[in-house]
Amino acid sequence: MYFKRKAYDKLLDWKNKYSDRYAVLLEGARRVGKSTIAEQFAMNEYRSYILLDFSVVGKNIRDCFDDIDNLNLFFLRLQAETGINLYAHESLIIFDEVQLFPKARQAIKHLVADGRYSYLETGSLISIKKNVKDILIPSEEMKIQIYPMDYEEFCEATGANYDLLRNIYQTGQPVGQVTNRKLMRDLRLYMAVGGMPQAVDAYIEGKNFSDIDMVKRQIISLYEDDLKKIDSS
């Protein structure tokens, strides 16, 4: 399920003001929704897009980056391998999980300078800080931090009225115990479910809290595995 996220508006601002000079990097922890935001943005805002998920792409795609000194050939190979047509100034190329293929991130400098297309990267926090030893980090790269869903985004996803809560707050007046208890129940629900999109999706689908907790424990396990890559102890 796709949820409305505040980062989408930041991407629109980048597209309208900076995409001719900078790529954009969605940076955040794993499972906070980076890839989903990126692809939804591409689908809605561009005539076509190519999604390169470096956790699964094969050797043929990776080999395309050997032709980065000949961008005409690079783009022709990329379109041939993906079967997707690119249109000048109307297409977006997504480098998903770019930390897994640092060579693609280094290519951003030349791709942005070429100016034909726009570029969006996603990267997980720990790995993207680590996997830069042998590459030139592009200065033509804007960063947008992606976090778990905040309470406003949670309310939007679950159908709660966040604007009403804001209006009540702005009055500066007490609302009475009954209304206050209802508002606090809503907040405690958010605290229990959390802001990870997978957990919110499980809640909306009507799963019980043990199922939601299992989703969160799986995410924590992923984080632990990532940490062990840095320090096995």
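Since the structure is predicted, the reported quantities are computational estimates derived from the model, not experimental observations. (Residues numbered from 1 in each chain as written. Predicted model: local features only at pLDDT ≥ 70, side-chain atom pairs only at ≥ 80, totals over all residues. Heavy atoms only, no water.)

**Looking at the overall build of the protein**
Definition in use: Think of it this way: any DSSP run of H or I at least four residues long counts as a helix, any run of E at least two long counts as a strand, and we number them from the N terminus. Burial classes: relative accessible area under 20% of the type maximum marks a residue as buried, over 50% as exposed, and values in between as partly exposed (1.4 Å probe, protein chains only). Whether two residues are in contact is decided by their heavy atoms, any of which lying within 4.5 Å being enough. Working convention for charge: Lys and Arg count positive, Asp and Glu count negative, and His plus the chain ends are omitted. Where a charge sits is defined by one atom per residue type, namely NZ (Lys), CZ (Arg), CG (Asp) or CD (Glu).
From N to C terminus, the protein includes 11 helices and five strands. If you line up the protein on its principal axes, its C-alpha atoms span 70 × 45 × 30 Å. Buried positions account for 39% of the 233 residues belonging to the protein. Sequence separation of 24 or more characterises 76% of the internal contacts of the protein that already satisfy a separation of 6 or more. If the 32 positive side-chain charges of the protein are averaged to one point and the 34 negative ones to another, these points end up 4 Å apart.

**With respect to the pairing of strand β1 (residues 23–28)**
Heads up, the condition is: Here, strands pair whenever DSSP counts at least two bridges between them.
Burial within β1 is extensive, with six of its six residues counted as buried. Alternating positions in β1 separate into two faces, A23, L25 and E27 on one and V24, L26 and G28 on the other, with burial throughout. When β1 meets strand β5 (residues 141–146), the two strands line up parallel, connected through six bridges. Bridging across to β5, L25 finds its partner in K143. Bridge count between β1 and strand β4 (residues 118–124): five bridges; the pairing is parallel. When the bridges of β4 are listed, G28 appears paired with S124.

**Observations concerning the nonpolar core**
General note: in soluble globular proteins, nonpolar side chains tend to be found buried as a group. Just so we agree on the cut-off: Put simply, a nonpolar core is a bunch of buried Ala, Val, Leu, Ile, Met, Phe, Trp, Tyr and Cys residues held in one set by side-chain atoms that sit within 4.5 Å of each other.
Of all hydrophobic cores here, the largest spans 32 residues; its most connected members are L11, L26, F41, L92 and L120. Not counting chain neighbours up to four residues away, the residues in contact with L11 comprise V24, L26, I37, F41, L120 and I144. If you look at the next biggest cluster of nonpolar residues, it comprises 25 residues, including A23, L52, A107 and I108.

**Points about the pattern of salt bridges**
What counts is decided by this rule: A pairing counts as a salt bridge when a side-chain nitrogen of Lys or Arg comes within 4 Å of a carboxyl oxygen of Asp or Glu.
Tallied over the entire structure, the rule returns 17 salt bridges. Taking the shortest distance from any N to any O, the salt bridge between D20 and R21 comes out at 3.7 Å. D20 gets classed as exposed once you look at its relative accessible area, which sits at 54%. Note on R21: relative accessible area 45%, which makes it partly exposed. Of the charged contacts in the structure, one is a salt bridge between D63 and K59, with a shortest N-O distance of 2.7 Å. Of this pair, D63 and K59 both sit in helix α3 (residues 59–64), four residues apart, roughly one helical turn. By sharing partners, the salt bridges in this structure join K6, D150, E152, D163 and R166 into a single network.

**Overview of unusual backbone geometry**
If you check the backbone angles, R31 has positive phi at about 70° while not being a glycine. With respect to the element layout, R31 can be found in the loop between β1 and α2 (34–45). Among the residues examined, R31 registers a relative accessible area of 43% and is labelled partly exposed. Even without being glycine, H89 reaches a positive phi, approximately 65°.

**Considering the packing of aromatic side chains**
Applied cut-off: Classification of ring pairs uses Phe, Tyr and Trp, with its six-membered ring standing for Trp, and accepts pairs whose centres are within 6.5 Å; under 30 degrees between planes counts as stacked, over 60 as edge-to-face, and the remaining range as tilted. By definition here, charges over rings are those cases where NZ of Lys or CZ of Arg is within 6 Å of the ring centre and within 35 degrees of the ring normal.
Applying the stated criterion across every chain, the model contains 16 aromatic pairs. With a centroid separation of 5.2 Å and 35° between ring planes, the pair formed by F54 and F101 is classed as tilted. Here F54, found in the loop between β2 (48–53) and α3, pairs with F101, found in the loop between β3 (91–96) and α5 (102–114); they are 47 residues apart in sequence, far enough to count as distant. When sorted by exposure, F54 lands in the same class as F101, which is buried. The rings of F54, F65, F74, F75, F95, F101, Y117 and Y119 are connected pair by pair, giving a single aromatic cluster. Taking NZ or CZ as reference, K15 lies 5.1 Å from the ring centre of Y46, over its face. One cation-aromatic arrangement involves R62 over F101; the distance from NZ or CZ to the ring centre is 4.9 Å.

**Examining the side chain of R105**
Which entries qualify depends on this criterion: We define a polar contact as two N or O atoms separated by no more than 3.5 Å, with the added condition that, inside protein, one atom must be a possible hydrogen donor and the other a possible acceptor, whereas residues neighbouring each other in sequence contribute only through side-chain atom pairs.
Tracing the backbone through its elements, the reader meets R105 in helix α5. A polar side-chain atom of R105 sits 2.8 Å from a polar atom in the side chain of E141.

**Digging into the environment of L120**
For L120, the location among the structural elements is in strand β4. Put simply, L120 and K143 are 23 residues apart on the chain and 10.0 Å apart in space, counted from C-alpha to C-alpha. With residues near it in sequence (within four places) discarded, L120 still touches L11, V24, L26, A38, F41, L92, I93, I94 and F95.

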